[in-house]
Amino acid sequence: MAAFSAEQWVKDLPNHPIFNKLREKLDSEPGRNDRGVSKNLTFCLGGDFFIWDDATRVFYTTNLRQLNLEENGNSGNYQTLLCINPPIFEVCQVLLSPTQHHVALVGLRGVSVLELPQRWGKRSEFEGGRSEINCKTIPVAERFFTSSPSLTLRQASWYPSETDEPHLVLLTSDNTIRFYGLKSPQTPAKVLPVSQSEDDSNVHPPVRSYAASLGEIAVAFDFGQVSSTPRSLAIPSAKKQSFYPLYILYETGETYLCYTSQLNGVSLSKLVGPLPMYPAAEDNYGYDACAILCLPCVPSILVIATETGTLYHCVVLESEEDEETGAVQKWTHGSEAVPALYVFECVELELTLKVATGEEEEPQEFDFTCPIRLHRDPLCEHRFHCTHEAGVHSVGLIWVNKLQRFLKANEEDKDSLQELAAEKRCIVEHILCTRPLLTSHSAPVQGFLIVSDLSLGATMICITSTYECILLPLLSAIRPPSPPLLCSYPGPGSISSPLRGLGCSAFEQHIRNILVRSSTNPVVLKSGDKDASPPPPECLQLLSRATQVFREEYILKQDMASEEMQRRVKLLTGQKNKQLEEMTVCREERKSLTEAAERLADKYEDAKYRQETIMKRVKKVLGSLQSQLPILSNSEKDMKKELLTISDQLKHLDNCIKQVNMKMEYQKTQVDRDAPAARSTVSLNAHQKKVVQDVLREQGQYIGDMMKQIKDIKNHFSF
């Protein structure tokens, strides 16, 4: 059997024939993706890695587990999934359905759905391992996009239900969200206008362009966690069913809400918004919003991204009744409570590296903007990733657990509130930089995914514009720890060691806080022409910036941690010496206490012996005094009565014994006289014999008991 190595596939995947083939096509067709648009053309299904080749309109797939096997002959195998009806538009994103049976091919001018083939065979490959497979392809809203050449697709997503019919949700540039089912892909199952005007049917194209110039257009949406029937919003035919909140983001930064359900077809509630944001800001928390993401945790956390690289982490909670009730009534046409967004923190992403132009000059501020894509992390619900034209960032929200504990408390816990307020903010990692400087050429990533199979390791896969595969491990500090094993729980009789508590001390957390880096050096890729090298000034700026980060974020913080540890060692050494002195004093006191205890034990034994002697003398004196009294005591009177009673009982027993002896002699004579006749004439059956034996046994036991009582009485009274 072939050996299995969890790190072999990390070495083999970057040099896989799939990427060699893609790089060859890229060299033969220069100029592809010149617009600098970040794409996501990869996904992972279990252990299968998929990548879309937009030039030939095919999927290439290989199994990552097979790369871990030592059989080198199968390490370069891959399968090609062909489209029966290939899309005619450029694909910018691929989306795997919640049922994992369909893949959506999303572009600016259309959507197609590819149905994954069946698996069978020894290795569970598609159609038994055939090299090329024709796959059913379903165009979605093809006539709509063909008849509307000016419309573009802003975002597409699968409806999050895993049990109902798969539906695609499309947001187009006409401020409309449409739901399409795969059974009727040309006709929308539901249409939701998201225009901010009262009557969208009367809005003309010039008015729409004016609204777009003001930013009053929907740019992104995302589904939240499943919830029960909302009390504040009425949905037609709402029974006991599950609803998915749909958060819609506008370019102005405003967020709207709509509840969706798919029990008997797609049903929608009335659009509510904009949701109030607290604390209020004059600029409404920025502009040029481009992406929204709802993290799968309780309470829901919305991440709103802008093109300037700003991220807002908003906690979705019930809004207070006394906060802007007039505005809430304007949105919902009633006094029902609606959710509110409480902005917990604001994060600035470093899209392009900020470098200093001189020794005493501050870093220059560039007005670099680009759209940002937000990706969930399948391994940790408190972490998400950002991909854009300039690279990849990872963000971990380490304050979510404390927020959940604070919200679960029945009463207001001021200590938890202060601890939450003092909690350090999220951890931002600059993973990959494809455009280090503003003057660099654009080199957006072509694919991004997180391997969710833990047997392969927590790994991030990034595909660059030159189809270079970069694999990076994920930090375990952000990922929540694994649950403890059953064997780690102490039993009822087990004693835990005090050394177990030293690993989670406050000092260790203090050192961790010192070593936390506010900025990192990402993996910098050479963008643009791969044969051209950056000019020396840019190289010097990048080198200076990397040196500065290493000095400030690594060396200085390690020196601070070393000083803290040395100070801690001195303190612990002093405490150790003090404790050793106290232990010496305790040993001397224990020795003296032991000697005193021995003396007290000897005195106790002497006192106990004397006490017993005195008690015996006292008993003798009391007995002699009692015997000299002229009258009987109560005890003697009781004993006299008992003796008289026993005498009467003895007489009665003596008479009974005499009667028994007489009866025994009489029966004996009768038996001796009638014995020959009984042997000859009387015959007993088994039952009669058993009855006679039982009677004789009872009589014998009775006689034996009486004899024993008589013997005891004689011994007692010495007759």
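## Let's talk about the sheet that holds strand β7 (residues 110-115)
Reasoning step 1: In spatial order, the strands read β5-β6-β7-β11; together these 4 strands make up an open sheet with antiparallel pairing. One side of each edge strand has no neighbouring strand; the edge strands of this open sheet are β5 (91-96) and β11 (137-140). On average, adjacent strands in this sheet sit at an angle of 20° to one another, irrespective of strand direction.
Reasoning step 2: In this sheet, β11 lies alongside β7 in antiparallel orientation, the contact comprising 4 bridges. In the sheet register, Val 111 faces β11, and the bridge partner there is Val 140.

## A few points about the packing of aromatic side chains
Reasoning step 1: Inspection of every chain in the model, using the stated rule, returns 14 aromatic pairs.
Reasoning step 2: Aromatic side chains Phe 144 and Phe 145 sit 5.4 Å apart centroid to centroid with 75° between the ring planes, which places their arrangement in the edge-to-face category. Like Phe 145, Phe 144 is buried.
Reasoning step 3: Summarising the aromatic geometry, the rings of Phe 221 and Phe 223 are spaced 6.2 Å apart at their centres and angled 90° between planes, so their arrangement reads as edge-to-face.

## Considerations on the nonpolar core
Reasoning step 1: Among the nonpolar cores identified, the biggest contains 27 residues, and Leu 311, Leu 374, Phe 384 and Leu 397 are the most heavily contacted of them.
Reasoning step 2: Secondary structure elements with two or more residues in this core: β21 (289-295), β22 (301-306), β23 (310-318), β25 (372-376), β26 (383-388) and α7 (400-408).
Reasoning step 3: It is β21 that provides the largest number of residues to this core, a total of 4 residues.
Reasoning step 4: Residues within four places of Leu 397 in sequence aside, it is in contact with Leu 295, Ile 301, His 313, Glu 345, His 382, Phe 384 and Cys 426.

## A few points about the sheet that holds strand β29 (residues 447-450)
Reasoning step 1: Spatial ordering of the open sheet is given by β29-β30-β31, a layout of 3 strands whose pairing is antiparallel. Strands with a single pairing partner mark the edges of an open sheet, and in this sheet they are β29 and β31 (469-473). Strand after strand, the sheet turns through a mean of 15° between neighbouring axes, direction not considered.
Reasoning step 2: Two elements, β29 and strand β30 (residues 459-463), share 4 bridges in a ladder whose sense is antiparallel. For Leu 449, the partnering residue across the bridge sits in β30 and is Ile 461.

## Describing the pattern of salt bridges
Reasoning step 1: Evaluated as defined, the whole model comprises 12 salt bridges.
Reasoning step 2: One salt bridge connects Arg 130 with Glu 127, and the closest N-O pair in it is separated by 2.7 Å.

## A word on the side chain of His 382
Reasoning step 1: Mapped onto the elements of the fold, His 382 is located in the loop between β25 and β26.
Reasoning step 2: His 382 sits in the buried class, given a relative accessible area of 9%.
Reasoning step 3: Among the polar contacts made by the side chain of His 382, one reaches the side chain of Glu 381 at a distance of 3.3 Å.
Reasoning step 4: Discounting chain neighbours no more than four positions away, the residues touching His 382 are Cys 297, Val 395, Gly 396, Leu 397, Val 400, Asn 401 and Gln 404.

## Description of the environment of Val 140
Reasoning step 1: Looking at the secondary structure, you find Val 140 in strand β11.
Reasoning step 2: Residues Val 140 and Leu 105 lie 35 residues apart in sequence; the distance between their C-alpha atoms is 9.8 Å.
Reasoning step 3: What Val 140 contacts, discounting residues up to four positions off in sequence, is Val 111, Ser 112, Val 113, Phe 145, Leu 168, Leu 170, Tyr 180 and Pro 185.

## Brief notes about the pairing of β23
Reasoning step 1: With 7 of 9 residues buried, β23 is to be regarded as a mostly interior element.
Reasoning step 2: Bridging between β22 and β23 involves 5 bridges; their strand directions are antiparallel. Paired with Ile 301 across the strands is Val 315, a residue of β23.
Reasoning step 3: The hairpin formed by β22 and β23 contains 3 residues between the paired strands, and Gly 309 there has a positive phi angle of roughly 90°.
Reasoning step 4: Sheet analysis places β23 next to strand β24 (residues 339-348), joined by 9 bridges and oriented antiparallel. Pairing of Leu 311 across the sheet is with Val 347, part of β24.

## Section: the confidence of the model for the protein
Reasoning step 1: Here the protein averages 80 in pLDDT, and 76% of its residues register 70 or above.
Reasoning step 2: Under a pLDDT of 50 for its full length, residues 198-204 has, in the predicted model, 5 contacts with residues more than four places off or in other chains.
Reasoning step 3: Contacts of residues 324-336 to residues separated by more than four positions or lying in other chains number 15 contacts, the stretch itself having pLDDT below 50.

## Concerning α7
Reasoning step 1: Restricting attention to buried positions, one finds in α7 the residues Val 400, Leu 403, Gln 404 and Phe 406. Angular distribution of buried residues about the axis of α7 spans 165°; they occupy a single face of the element. Along α7, the residues that are exposed and aim more than 90 degrees away from the buried face are Arg 405 and Lys 408.

## Some words on unusual backbone geometry
Reasoning step 1: Between Tyr 278 and the following residue, Pro 279, the backbone shows a cis peptide bond with an omega angle of -10°.
Reasoning step 2: Considering the arrangement of structural elements, one finds Pro 279 in the loop between β20 (277-278) and β21.
Reasoning step 3: A positive phi angle, near 60°, is found at Arg 57, a position not held by glycine.

## So, the environment of Glu 553
Reasoning step 1: As for its position among the elements, Glu 553 is in helix α10 (residues 536-627).
Reasoning step 2: Overall, the relative accessible area of 8% leaves Glu 553 in the buried class.
Reasoning step 3: In this structure, the C-alpha to C-alpha distance between Glu 553 and Ile 514, residues 39 residues apart in sequence, is 9.8 Å.

## A look at the side chain of Thr 42
Reasoning step 1: With respect to the helices and strands, Thr 42 occurs in strand β1 (residues 42-45).
Reasoning step 2: Among the polar contacts listed, one links the side chain of Thr 42 to the backbone nitrogen of Phe 448, at a separation of 3.4 Å.
Reasoning step 3: Residue contacts for Thr 42: discarding those within four places in its chain leaves Phe 49, Phe 50, Ile 51, Val 94, Gly 447, Phe 448, Leu 449 and Ile 463.

Conventions adopted
Residues numbered from 1 in each chain as written. Predicted model: local features only at pLDDT ≥ 70, side-chain atom pairs only at ≥ 80, totals over all residues. Heavy atoms only, no water. Pairing = 2+ DSSP bridges. Helix = DSSP H or I, 4+ residues; strand = E, 2+ residues; numbered from the N terminus. Axes fitted to C-alpha atoms, helices over the stretch in contact; angles between N-to-C directions. Phe/Tyr/Trp six-rings, centres within 6.5 Å; stacked < 30°, edge-to-face > 60°. Buried < 20%, exposed > 50% of the residue type's maximum accessible area, 1.4 Å probe, protein only. Core = buried A, V, L, I, M, F, W, Y, C linked by side-chain atoms within 4.5 Å. Contact = heavy atoms within 4.5 Å. Salt bridge = Lys/Arg side-chain N within 4 Å of Asp/Glu carboxyl O. Polar contact = N/O pair within 3.5 Å; in protein donor to acceptor, adjacent residues only side chain to side chain. pLDDT = per-residue confidence, 0-100. Arc of directions from axis to C-beta.

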